[in-house]
Amino acid sequence: MMPDAPNYISDSIPDPIKGGGCVRVLPAVAGPGARGLYDYLSSEVLAPGDIVRVPWGMRREVVGVVWTLGAGGEVAAHRLKDVAARPDAPPLTEATRRFVDWVAAYTLAMPGAVLRLVLNTPAALEGQRGDWAYALRETNTDISSIKMTPARRRVLEVLQEGPLSASALAQAAGVSLTVIRGLVSHDVIHRVMIEEAPLPIPDPDHSGVDLSHQQQEAVDVLRCRVLADGFSATVLDGVTGSGKTEVYFEAVATALREGRQGLVLVPEIALTSQFMERFEARFGCAPLCWHSGLGINERRRIWRAVACGEARFVVGARSALFLPWLDLGLIVVDEEHDAAFKQEDGVIYQARDMAVARASLDGFAIVLSSATPSLETLVNSNRGRYGRVILGHRHGGAPPPHIDLVDMRLDPPPSGRWLAPALMEGLEKALASDRQAMVFLNRRGYAPLMLCRKCGYRLVCPDCDAWLVTHRQGSKLQCHHCGHRLRVPDVCPECDAADSLVACGPGVERVAEELTALMPEARLLVMSSDHLRGASAHREALEKITNGEVDIIVGTQLVAKGHHFPRLVFVGVADADLGLANGDLRAAERTYQMLHQVAGRGGREDKPGWALLQTWMPSHPVMEALAAGERENFIRAEWEAREHAALPPFGRLVALVVSGRDEAAVANFAQTLTDTAPQAQGVRVLGPAPAPMAWLRGRHRYRLLVKADLHVKVQAYVQDWFALAKAPSSVRVVVDVDPWSFF
């Protein structure tokens, strides 16, 4: 249920006041002191949407946006401060400002904190400029007194062709940045400013693809939705390998022909190398890519290009939704079911749902694409809120993969191993047929736990209620919640016993070690976030797989999302029950989606696929549905269970996490919240109770849960509740509307 946005934007925007005047500014700041709009005086003409710098506190300036003209009246005119400056930056559109208001109202976040998501590129406010590069000195420099190593000579040879950025120069010459800095210090090369390369302009008519009959029918529907004047949401529900990407590319092409901007949101930006290649083949150029790993110059360039309308299309992670779009006309959410679209820190939001809200507020089309749509999306489709097109067959006529279960109670692996004989047999058959195989385990590292064989002590994170995960790379222990790391100790920290620490359980590194020992001739590649850092590493790994340089892929969830492995025929899952232990309301759904996607990597075109799932619970509804290929039966059962319990999407949830350094203060305020909760029809407050992860990043945590009927405006309820109980300064309360995790 969408809450009403706060009335920050008037229905009719007044014209700028000539000669300046009073303006209401929303500072892009978060925290208890940021309450909304603030009045300032301006000596120049400003209009709503203009980006400004304003005084904040005693000696600080912050960036903000003019939200309305005129004064709110809370502060006398003679006490108002002046706007400090107006950066050379494009203004924010009314649509973007309206979206900021809506997100703040729905998530119960400070509007200034949401605005920070939009203005998160300070360099973009500094005006247009070129890129820094390195070039040879125009005047000859005497290098006789300089030691010219082979690395330095390669740099000079490369620069004969013209200036290059530091990263491009280092890559082309095969040297480190230290070599480049050394040549700069000797005045052999210097930094220069060069004009930015022109932005790629995708051509919607560059090169079409041969679509199947079912793909063409889906394309026709999406084109009509994009061309229609108004909001529409369409679920693109297609089995793995059915060609969903090619279908929504045609919707993108339609938006581009209409002169509108397009955005494709993906759950993992590092996994888009194959997407980029397919986009370039279809539109004649690579798309602009937005994610947290971009350099400052590239972020500035894309941000300004989006704001000015020069950037026609962007593929990005969830934060791309908050770029300052000038004329957004289509959003595609790829793998819409993926939990990675949920932002868990800062402003807590679900990017898929916020994307639907953006399309609804501004009146354009959105496409939600997945082989395993979320239950929320399917319910909205069933109720007529979303349209739905189905791609029920794989492109090229390949059959869906056959899925078998390995009952670990009847066919366990030998002692000291983790892969059952049936799974090993599947691997051997795949390699014997000169095909590729995959082993999937959604657990990073070497082992999830290390303990002492003498006293039983378990090595835990000092700042979290989490076991330290063993990593063979670097011989380290790491907490996957807060990032704490340490070397594996020589003796037990509890009893000082030497050589007593033993790794327990398997991670992908341990599975890879087992495979190396059993199949030494096989070429293995481990795909996890610990082994492949950055888009280039992912691209190189995928190239090796595509080129046939890999026999067995051992991976975590990175291998489950949207990859096309043409030679892959067998998929083995080492611990298929892993996700069912989470205990949250979506545990079964997430496990089904993950395993369905993983199994779908096997078998494309004319090569049938086969998957084996190792499970201790073969009679679990998830396992039975996967083995029988009965997705609809699983969805129906999950639907009925959630509806019976009035859980999302048939009810509303709001999670409150109370945390602090002092456990007594946290527990006391959590109880105070419960005691002061307003009585309301259709609302229950559950808790307080210690959170499942009761000690995280050095803070004690207690949880409360608001469970409400669909008709309840839970945001208004929580706001009224907080007015009755003010948290002490030592305690933090985080509100998560529509929670996805319950740790």
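This write-up is about the structure you can find in this document. Because the structure is a prediction, the values reported are computed rather than measured. (Residues numbered from 1 in each chain as written. Predicted model: local features only at pLDDT ≥ 70, side-chain atom pairs only at ≥ 80, totals over all residues. Heavy atoms only, no water.)

Looking at the overall build of the protein
Formally: Helix and strand definitions here come from DSSP, where helices need a minimum of 4 consecutive H or I residues and strands a minimum of 2 consecutive E residues; each element is numbered from the N-terminal end. We call two residues contacting when some pair of their heavy atoms lies within 4.5 Å. The Shrake-Rupley method, run with a 1.4 Å probe sphere, supplies the accessible areas, and residue values consider only the shown protein chains as cover. Neither His nor the chain ends is counted toward charge; the positive residues are Lys and Arg and the negative residues Asp and Glu. A charged residue contributes its charge at one atom only: NZ of Lys, CZ of Arg, CG of Asp or CD of Glu.
Counting its secondary structure elements, the protein contains 19 helices and 30 strands. C-alpha extents for the protein along the principal axes are approximately 85 × 80 × 70 Å. Here the contacts in the protein between residues at least 6 apart in sequence split such that 76% fall between residues at least 24 apart. Surface exposure of the protein reaches about 32,900 Å², of which carbon and sulfur atoms provide 50%. The average position of the 79 basic charges and that of the 86 acidic charges among the side chains of the protein differ by 4 Å.

Side note on the pattern of salt bridges
So the rule is basically this: We count a salt bridge whenever a side-chain nitrogen from Lys or Arg sits within 4 Å of a carboxyl oxygen from Asp or Glu. Throughout, exposure labels follow a simple rule: accessible area from a 1.4 Å probe, protein chains only, divided by the maximum for the residue type, with under 20% read as buried, over 50% as exposed, and the rest as partly exposed.
Using the criterion set out here, one finds 28 salt bridges in the structure. Put simply, Arg24 and Asp39 hold a salt bridge, and the shortest N to O gap is 2.7 Å. In this pair, Arg24 is assigned in strand 1 (residues 21-27) and Asp39 in strand 2 (residues 38-42), connecting sequence segments 15 residues apart. The same class applies to Arg24 as to Asp39, namely buried. Of the charged contacts in the structure, one is a salt bridge between Arg282 and Glu250, with a shortest N-O distance of 2.8 Å. With Arg282 in helix 8 (residues 273-283) and Glu250 in helix 7 (residues 244-257), this pair connects stretches of sequence that are 32 residues apart. Like Glu250, Arg282 is buried. Look at the salt bridges and you will find they share partners, linking Glu94, Arg98, Arg358 and Asp362 into a network.

Overview of the environment of Arg53
Along the polypeptide, Arg53 turns up in strand 3 (residues 51-56). Taking the relative accessible area as the measure of exposure, Arg53 reaches 29% and is therefore partly exposed. Taking C-alpha positions, Arg53 is 35 Å from Gly483, a pair spaced 430 residues apart along the chain. Ignoring sequence-local partners within four residues, the contact set of Arg53 consists of Glu61, Val62, Val63, Val83, Ala84, Ala85, Pro87 and Leu125.

Section: unusual backbone geometry
That bond from Pro648 to Pro649 is cis: its omega, 10°, falls within 30 degrees of zero. Here Pro649 lies in the loop between helix 17 (631-645) and strand 27 (652-660). Gly687 connects to Pro688 through a cis peptide bond whose omega is 10°. A positive phi is found at Asp496, a non-glycine position, where the angle reads about 65°. One non-glycine residue, Arg697, lies in the positive phi region at around 55°. Locating Arg697 in the fold gives a position in the loop between strand 28 (683-696) and strand 29 (699-708). Residue Arg697 is classed as partly exposed on the basis of its relative accessible area of 44%.

What about the sheet that holds strand 20 (residues 476-478)?
Note the following rule: We treat two strands as partners when DSSP finds at least two bridges between them. Each axis is a line fitted through C-alpha atoms, and for a helix only the stretch in contact is used; angles between axes span 0 to 180 degrees, taken between their N-to-C directions.
Reading across from one edge, 19-20-21 is the order of the 3 strands in this open sheet, with antiparallel pairing throughout. In this open sheet, the two strands that pair with only one neighbour each are strand 19 (469-471) and strand 21 (485-487). Direction aside, neighbouring strands of the sheet carry axes that sit 30° apart on average. Inspection of the sheet shows strand 19 paired to strand 20 by 3 bridges, in the antiparallel sense.

Examining the side chain of Thr372
Keep this limit in mind: Between N or O atoms, a polar contact is any pair within 3.5 Å; within protein, one atom must be a potential hydrogen donor and the other a potential acceptor, and residues adjacent in sequence are included only when both atoms are from side chains.
Position of Thr372 among the secondary structure elements: in the loop between strand 14 (365-370) and helix 11 (375-382). Overall, the relative accessible area of 2% leaves Thr372 in the buried class. Here the side chain of Thr372 touches Gln597 through a polar contact of 3.3 Å, side chain to side chain.

Structural notes on helix 3 (residues 150-159)
Residues that lie three or four places apart on an α-helix share one face, since the helix turns once every 3.6 residues. The following threshold applies: Of all possible arcs, the one meant is that of the directions from the helix axis to the C-beta atoms.
When we look at burial in helix 3, the residues that qualify are Ala151, Arg152, Val155, Leu156, Val158 and Leu159. For helix 3, the angular spread of buried residues about the axis comes to 160°, placing them on one side. Opposite its buried face, helix 3 presents the exposed residues Pro150 and Glu157, each directed more than 90 degrees away. Where helix 3 is buried, its residues touch strand 5 (131-136), helix 4 (166-173), helix 5 (177-185) and strand 6 (189-194).

Describing the sheet that holds strand 30 (residues 732-737)
With antiparallel pairing, the 4 strands of this open sheet are ordered in space as 28-29-27-30. The open sheet is flanked by strand 28 and strand 30, the only strands paired with a single partner. Between one strand axis and the next, the sheet turns by 20° as a mean value, whatever way the strands run. Alignment of strand 27 against strand 30, held across 6 bridges, turns out to be antiparallel. Looking at strand 30, one finds that Ala655 is bridged to Asp736. Lying on the sheet, helix 19 (residues 714-722) is in contact with strand 27, strand 28, strand 29 and strand 30; it crosses strand 27 at an angle near 30°.

As for the environment of Val734
Position of Val734 among the secondary structure elements: in strand 30. Residue contacts for Val734: discarding those within four places in its chain leaves Ile348, Ala655, Leu656 and Val657.

Concerning the pairing of strand 14
Of all the 6 residues making up strand 14, 6 are buried; the element is thus mostly covered by neighbouring parts of the structure. Residues Ala365, Val367 and Ser369 line one face of strand 14 and the alternating positions Ile366, Leu368 and Ser370 line the opposite face, and both faces are buried. One ladder, built from 6 bridges, connects strand 7 (residues 232-238) with strand 14; its direction is parallel. Residue pairing for strand 14: Ala233 is matched across the bridge by Ile366. The pairing of strand 11 (residues 328-334) with strand 14 spans 5 bridges and is classified as parallel.

Comments concerning the side chain of Asp551
Here Asp551 shows up in the loop between helix 14 (535-546) and strand 24 (552-555). Taking the relative accessible area as the measure of exposure, Asp551 reaches 16% and is therefore buried. What Asp551 contacts, discounting residues up to four positions off in sequence, is Leu431, Arg435, Gln436, Ala437, Glu521, Ala522 and Arg523.

With respect to helix 12 (residues 421-432)
Applicable threshold: Here a helix's expected span is defined as the number of its residues, less one, multiplied by 1.5 Å.
When the terminal C-alpha atoms of helix 12 are compared, their 16 Å separation across 12 residues agrees well with the 16 Å that a helix rising 1.5 Å per residue should span. Listing the buried residues of helix 12 in full gives Leu423, Met424, Gly426, Leu427 and Ala430. Along the axis of helix 12, the buried residues cluster in a sector spanning 155°; they form a single face. Immediately beyond the C-terminal end of helix 12, within one or two residues, lies Asp434, with a positive phi of roughly 65°.

Points about the packing of aromatic side chains
For any pair of aromatic rings, the description rests on two quantities: the centre-to-centre distance and the angle between the ring planes. We count it as follows: Pairing of aromatic rings covers Phe, Tyr and the six-membered ring of Trp, with a centre-to-centre limit of 6.5 Å; geometry is then stacked below 30 degrees between planes, edge-to-face above 60, and tilted otherwise.
Inspection of the entire model under this criterion finds 16 aromatic pairs. With a centroid separation of 5.3 Å and 35° between ring planes, the pair formed by Phe99 and Phe322 is classed as tilted. Of the two residues, Phe99 is situated in helix 1 (residues 94-107) and Phe322 in the loop between strand 10 (313-316) and strand 11; the sequence distance between them amounts to 223 residues. In terms of burial, Phe99 and Phe322 fall into one category: buried. When the centroid spacing of 6.3 Å and the interplanar angle of 55° are considered together, the rings of Trp721 and Phe722 count as tilted. For Phe722, a relative accessible area of 31% gives the class partly exposed. Through a chain of ring-to-ring contacts, the aromatic side chains of Tyr248, Phe249, Phe275, Phe279, Phe283 and Phe313 assemble into a single cluster.

Focus on the nonpolar core
It is characteristic of soluble globular proteins that their nonpolar side chains tend to be buried jointly. Spelled out, the test is: Residues belong to a common nonpolar core when they are buried Ala, Val, Leu, Ile, Met, Phe, Trp, Tyr or Cys residues joined through side-chain atoms within 4.5 Å.
In terms of nonpolar packing, the biggest core is built from 81 residues, with Ile51, Leu115, Leu119, Leu263, Trp303, Ile331 and Ile366 touching the most fellow members. The residues touching Ile51, leaving out its near neighbours within four places in the chain, are Val63, Gly64, Val65, Arg86, Pro87, Ala89, Pro90, Leu92, Leu119, Leu125 and Trp303. In terms of nonpolar packing, the next biggest core, distinct from the first, is built from 32 residues, Phe440, Leu525, Val550 and Val573 among them.

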